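Spelled out, the chains give:
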Amino acid sequence: MTRIVVVTSGKGGVGKTTTSASFASGLAMRGFKTAVIDFDVGLRNLDLIMGCERRVVYDLINVINGEANLTQGLIKDKHCDNLFVLPASQTRDKDALTEEGVEKVLKDLEHMGFDYIVCDSPAGIERGAVMALTFADEAIVVTNPEVSSVRDSDRILGILQAKSKRAQAGGEPVKEHLLITRYSPKRVEDGEMLSYKDVQEILRVPIIGVIPESESVLHASNQGTPAVHIKDSDVASAYLDMVGRFLGEEKPLRFVDYEKPGLLKRLFGGK
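Residues numbered from 1 in each chain as written. Predicted model: local features only at pLDDT ≥ 70, side-chain atom pairs only at ≥ 80, totals over all residues. Heavy atoms only, no water.

Student: Give a description of the nonpolar core that names residues and reports values.
Tutor: Within the largest apolar cluster, 45 residues are counted, with the highest numbers of intra-cluster contacts made by Ile-37, Phe-39, Leu-97, Val-105 and Leu-109. With 36 residues, the next largest nonpolar core counts Ile-75, Tyr-116, Val-235 and Tyr-239 among its residues. (Core = buried A, V, L, I, M, F, W, Y, C linked by side-chain atoms within 4.5 Å. Buried < 20%, exposed > 50% of the residue type's maximum accessible area, 1.4 Å probe, protein only.)

Student: Help me get a handle on the side chain of Thr-34, residues and values and all.
Tutor: Tracing the chain through its elements places Thr-34 in strand E2 (residues 34–38). By relative accessible area, which is 0% here, Thr-34 ends up buried. In terms of polar contacts, Thr-34 uses its side chain to reach the backbone carbonyl oxygen of Phe-32, at 3.0 Å. Once residues lying within four places of it in the same chain are set aside, the contact partners of Thr-34 are Ala-24, Leu-27, Ala-28, Asn-82, Leu-83, Phe-84, Phe-114, Tyr-116 and Val-118. (Helix = DSSP H or I, 4+ residues; strand = E, 2+ residues; numbered from the N terminus. Polar contact = N/O pair within 3.5 Å; in protein donor to acceptor, adjacent residues only side chain to side chain. Contact = heavy atoms within 4.5 Å.)

Student: Got a sec to walk through the pairing of strand E7 (residues 175–183)? Specific residues and values, please.
Tutor: Extensive coverage of E7 is indicated by the burial of seven of its nine residues. Across six bridges, the pairing between strand E6 (residues 138–143) and E7 is parallel. Residue Ala-139 lies in a different strand from E7, and its bridge partner there is Glu-176. Relative to strand E8 (residues 207–212), E7 runs parallel, the two being bridged by four bridges. Paired with Leu-179 across the two strands is Gly-209, which belongs to E8. (Pairing = 2+ DSSP bridges.)

Student: Mind laying out the sheet that holds strand E5 (residues 116–120), listing which residues take part and the relevant values?
Tutor: Strand order in the open sheet formed by eight strands is E3-E4-E2-E5-E1-E6-E7-E8, with mixed pairing between adjacent strands. Only two strands of the sheet have a single partner each, and these edge strands are strand E3 (75–76) and E8. Across the sheet, helix H7 (residues 147–163) lies against strand E1 (3–8), E6 and E7, angled at about 165° from E6, the strand it touches most. Packing against the sheet, helix H12 (residues 234–246) makes contact with E1, E5, E6, E7 and E8, and its axis sits at approximately 175° to E8. (Axes fitted to C-alpha atoms, helices over the stretch in contact; angles between N-to-C directions.)

Student: Could you give an account of the pattern of salt bridges, with specific residues and numbers?
Tutor: Using the criterion set out here, one finds 14 salt bridges in the structure. Measuring nitrogen to oxygen at the nearest pair gives 2.7 Å for the salt bridge that ties Glu-99 to Lys-165. With Glu-99 in helix H5 (residues 99–111) and Lys-165 in helix H8 (residues 165–168), this residue pair connects regions lying 66 residues apart in the sequence. With a relative accessible area of 31%, Lys-165 lands in the partly exposed category. When the shortest N-O distance is used, the salt bridge between Lys-251 and Glu-249 registers 3.9 Å. Assessed through its relative accessible area of 33%, Lys-251 is described here as partly exposed. Judged by its relative accessible area of 30%, Glu-249 falls in the partly exposed class. The structure contains a network of salt bridges with shared partners spanning Arg-30, Glu-249 and Lys-251. (Salt bridge = Lys/Arg side-chain N within 4 Å of Asp/Glu carboxyl O.)

Student: Can you break down the environment of Leu-74 residue by residue, with the values?
Tutor: Mapping Leu-74 onto the fold places it in the loop between helix H4 (70–73) and E3. Between the alpha carbons of Leu-74 and Leu-86 there is a distance of 4.9 Å; along the sequence they are twelve residues apart. Setting aside its immediate chain neighbours within four residues, Leu-74 contacts Phe-84, Val-85, Leu-86, Leu-109, Met-112 and Phe-114.

Student: Any chance you could break down unusual backbone geometry for me, citing the residues and the numbers?
Tutor: Even without being a glycine, Arg-44 presents a positive backbone phi close to 65°. Following the sequence through the fold, Arg-44 ends up in the loop between E2 and helix H2 (46–49). In this structure, Arg-182 takes a positive phi of about 55° despite not being glycine. Structurally, Arg-182 is set in strand E7.

Given below as structure tokens:
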């Protein structure tokens, strides 16, 4: 059965699209046929991070409006054979997203045999974000370990619990997962950042992963490569751990404890 997973946040710039790309890639690497859809109509960043921006001919709105069929809109990923991208439109208004149109696209993907559909939501609570979460079975709420980001994530959790189709039907609620990005154990140790335990205590949502702060994420994005493909990196390992936990595997949290540098490292420029 197809599972629809929304990747969402209340605040922009927390690493949501980076997460959508890496999470969808991780599922595909595990053998699942996966589609990832960009719901950020008017901006469109997912295709850049996936490295397929030059291949975009038709987009989500073209498909919804019947100007192209779904097969024409889907772009095959460069890295994974069973991963496909459906980009957002840069030229249309967010009002072009209709509930009926989105539902049809999701149903058609289900009929095409996709195991997972990952919906990359725009930040906040505007139309694109609500459309992305309406049909979700599960939600990954992405937050940075700082107060304003956590507060905005709490708002998104409230909307998930009130506006999803599952909530409207009075059925089983959307399964929620918390992902903390741009985490720096040293800054937590120095009191400059909330700890992952603080964030979880505020939001009361199970943690699916903690992604460490790393400049390599920006470099990978600029090269059109999802962070999960950065070889021998903590970020890629953390995303792969996250995918494993999503699939029900027990994995300890890594990259969350600060290790004080030894004397030699401090003498020779270590932090």
